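If you want the building blocks of each chain, they are given just below.
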Amino acid sequence: MKIGYPCVNEAMDCSSGNTFRLASYSEERLVAAVTANLACLRRMLEWNVAQGLLFFRIGSSIVSFGSHPINTFDWQTHFAADFRAIGDYIKVHNLRVSFHPDQFVVLNSPSPDIVQRSIQELVYQGSMLDLMGLDGTAKLQIHVGGLYGERELAISRFAAVHAALPPAVKARVVVENDDRLFSLRDCLALHQLTGVPILFDNFHHECLNHGEPMAEALRLAAATWHPTADGVPLMDYSSQALGERKGKHTNDLVDEQFREFLTHLHGLDFDLMLEIKNKEASALRAVAILRELGLSAAAPDASSPPLTLPPDPNAPAKARRAKKETPS
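Residues numbered from 1 in each chain as written. Predicted model: local features only at pLDDT ≥ 70, side-chain atom pairs only at ≥ 80, totals over all residues. Heavy atoms only, no water.

(A) Layout of the packing of helix α5 (residues 151–163) against helix α7 (residues 184–194). Contact geometry for α5 and α7: axes closest at 10 Å, N-to-C directions at 40 degrees. Here α7 runs oblique to α5, going by the angle between their axes. Judged by the twist between their axes, the crossing of α5 over α7 is right-handed. Counting all contacts with α5, which are made through Arg151, Ile155, Phe158, Ala159 and His162, the residues of α7 involved are Asp186, Leu190, Leu193 and Thr194. Its residues assigned to classes, the contact of α5 with α7 comprises 5 nonpolar, 2 polar and 2 charged. (Axes fitted to C-alpha atoms, helices over the stretch in contact; angles between N-to-C directions. Helix = DSSP H or I, 4+ residues; strand = E, 2+ residues; numbered from the N terminus. Parallel < 35°, antiparallel > 145°, perpendicular 65-115°, else oblique. Left-handed = near helix turned anticlockwise from the far one by under 90°. Contact = heavy atoms within 4.5 Å. Nonpolar A, V, L, I, M, F, W, Y, C, P; charged D, E, K, R; others polar.)

Written out as structure tokens, the structure is:
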């Protein structure tokens, strides 16, 4: 079982989401931003390995305007060696990585333009995993999409678009149950139509379910993953922020709730993405709890870097920092 956090390491002095305004697009700006983003991504992965955090969600903005028509630069060739080096590092250290494309990726939209842009975004993000040389266990996590007034039609539209995805993308796509529209039951119906694995979100299930106990929900979701083609099932973990609207994620890991959740696994293995605001700080506590319970590898022998790292004098200068990706 691996523990991860999404996109941003709050302890570090760099961001892998450097970008710039569309109006100021140039190949020079693009190369500078991607260079900085890949350098920071490598540093974050190294930090994670030293801490025993072996799952990471890479931010969607590694390549600025990666799926936008304005970007005609052959960044795949220009940065091929950089992506390959990161992929080699991931494989050597048995890391798990994923992407969670933004919510504008809606495969079941009635709009052909939105569907086409969604596919282009999935192709872009999947191509980065391809460049890293990673197999189909590195996933692209999306939601079913919109309801549009008719649940069964919305699900069948997703299935039709999914069937037409490029095979390399289809092998990576997983669908997440959400907290408002599409429950685990809906995702299971979609799985029956498409074979798409279900990335289970425990908090969303608590918000929207059909009475399935947590242990049963975990079992049902895990059964949709092929043990070799898909790997260990992925899931998102969080809990309700006290005193906030229903569905708002907590700012910090609640240790007692996390321990209680683990009792529902009954031997199932998941790689857990913590969708919690303080990111690596909660992830470090979670992995310590797993080690205590014998559910994760022992602490690494190498000395770990301090939680707050000093500035790297050789790090590329930051471009404007992109808006942080929020749990969904």
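From this point on, the discussion continues.
(B) Looking closely at the state of the cysteines. One pass over the full model with this rule turns up 1 disulfide. The side chain of Cys14 participates in a disulfide bridge whose partner is Cys40; the two sulfur atoms lie 2.0 Å from each other. Measuring handedness by torsion sign, the sulfur bridge of Cys14 and Cys40 sits at about 80 degrees and is right-handed. Of this pair, Cys14 sits in the loop between β1 (3–6) and β2 (18–19) while Cys40 is found in helix α1 (residues 27–51), placing the two residues 26 residues apart along the sequence. Each of the two residues, Cys14 as well as Cys40, counts as buried. Of all cysteine sulfurs in the structure, the one in Cys40 sits closest to Cys7, which takes part in no disulfide; the separation is 12 Å. (Disulfide = S-S within 2.5 Å. Buried < 20%, exposed > 50% of the residue type's maximum accessible area, 1.4 Å probe, protein only.)

(C) Structural context of α1. With 25 residues, α1 extends 36 Å from end C-alpha to end C-alpha; this agrees with the ideal 36 Å at 1.5 Å per step. Just past α1, the residue Gly52 takes up positive phi, approximately 80 degrees. (Expected span 1.5 Å × (residues − 1).)

(D) Looking closely at the nonpolar core. Of all hydrophobic cores here, the largest spans 84 residues; its most connected members are Ile3, Phe83 and Phe258. Among the elements that line this core, the one with the most residues is α1, at 10 residues. Excluding anything up to four places from it in sequence, Phe258 contacts Ile3, Tyr237, Leu253, Leu272, Ala286, Ile289 and Leu290. Judged by nonpolar contacts, the second largest core, of 6 residues, contains Phe55, Val174, Leu199 and Leu234. (Core = buried A, V, L, I, M, F, W, Y, C linked by side-chain atoms within 4.5 Å.)

(E) Region of the structure containing the pairing of strand β4 (residues 96–99). The two faces of β4 match: Arg96 and Ser98 on one face and Val97 and Phe99 on the other face are all buried. Bridge count for strand β3 (residues 55–58) against β4 is 4 bridges, and the pairing is parallel. Within the sheet, the bridge partner assigned to Ile58 lies in β4 and is Phe99. Of the strand pairs in this sheet, β4 and strand β5 (residues 139–143) are connected by 2 bridges, and their pairing is parallel. Its bridge partner lying in β5, Phe99 is registered against Leu140. On the question of chirality, the crossover connecting β4 to the parallel β5 by way of helix α4 (residues 112–131) is right-handed. (Pairing = 2+ DSSP bridges. Right-handed = clockwise from strand over helix to strand, strands pointing away.)

(F) Spotlight on helix α10 (residues 255–262). Of the positions making up α10, those classed as buried are Phe258, Phe261 and Leu262. Projected down its long axis, α10 carries its buried residues within an arc of 100 degrees, all on one side. (Arc of directions from axis to C-beta.)

(G) Seen up close, the sheet that holds strand β8 (residues 234–237). Taken in spatial order, the 8 strands line up as β1-β3-β4-β5-β6-β7-β8-β9 and close into a barrel, and their pairing is parallel. The sheet shows a mean angle of 30 degrees between the axes of neighbouring strands, direction not considered. Across 2 bridges, the pairing between β1 and strand β9 (residues 271–274) is parallel. Across the sheet, the residue bridging to Ile3 is Leu272, located in β9. Its contacts with the sheet put α7 on β6 (173–176) and β7 (198–201), and the angle it makes with β7 is roughly 175 degrees. The strands that helix α11 (residues 280–292) touches are β1 and β9; relative to β1, the one it contacts most, it runs at about 170 degrees.

(H) Quick peek at unusual backbone geometry. At Cys7, a residue that is not glycine, the phi angle is positive and equals roughly 70 degrees. For His266, which is not glycine, the phi torsion reads 50 degrees and is therefore positive. The residue His266 is located in the loop between α10 and β9 in this model.

(I) Representation of the packing of aromatic side chains in the model. Applying the stated criterion across every chain, the model contains 8 aromatic pairs. Both rings, one in Trp75 and one in Tyr124, keep their centres 5.9 Å apart while their planes meet at 85 degrees; by these two values the pair is edge-to-face. Remark: Tyr124 occurs in helix α4 and Trp75 occurs in helix α2 (residues 75–78); sequence separation between them is 49 residues. For Trp75, a relative accessible area of 2% translates into the label buried. In this structure Tyr124 comes out as buried when scored by relative accessible area, which is 4%. With 5.2 Å between their ring centres and 75 degrees between their planes, Tyr237 and Phe258 make a pair best called edge-to-face. Pair noted here: Tyr237 is in strand β8 and Phe258 is in helix α10, with a separation of 21 residues, a long-range link. Judged by its relative accessible area of 0%, Phe258 falls in the buried class. Aromatic ring contacts, followed pair by pair, group Phe20, Tyr25 and Phe65 into a single cluster. Here the basic side chain of Arg151 rests over the ring of Phe182, its NZ or CZ set 5.7 Å away from the ring centre. (Phe/Tyr/Trp six-rings, centres within 6.5 Å; stacked < 30°, edge-to-face > 60°. Lys NZ or Arg CZ within 6 Å of the ring centre and 35° of its normal.)

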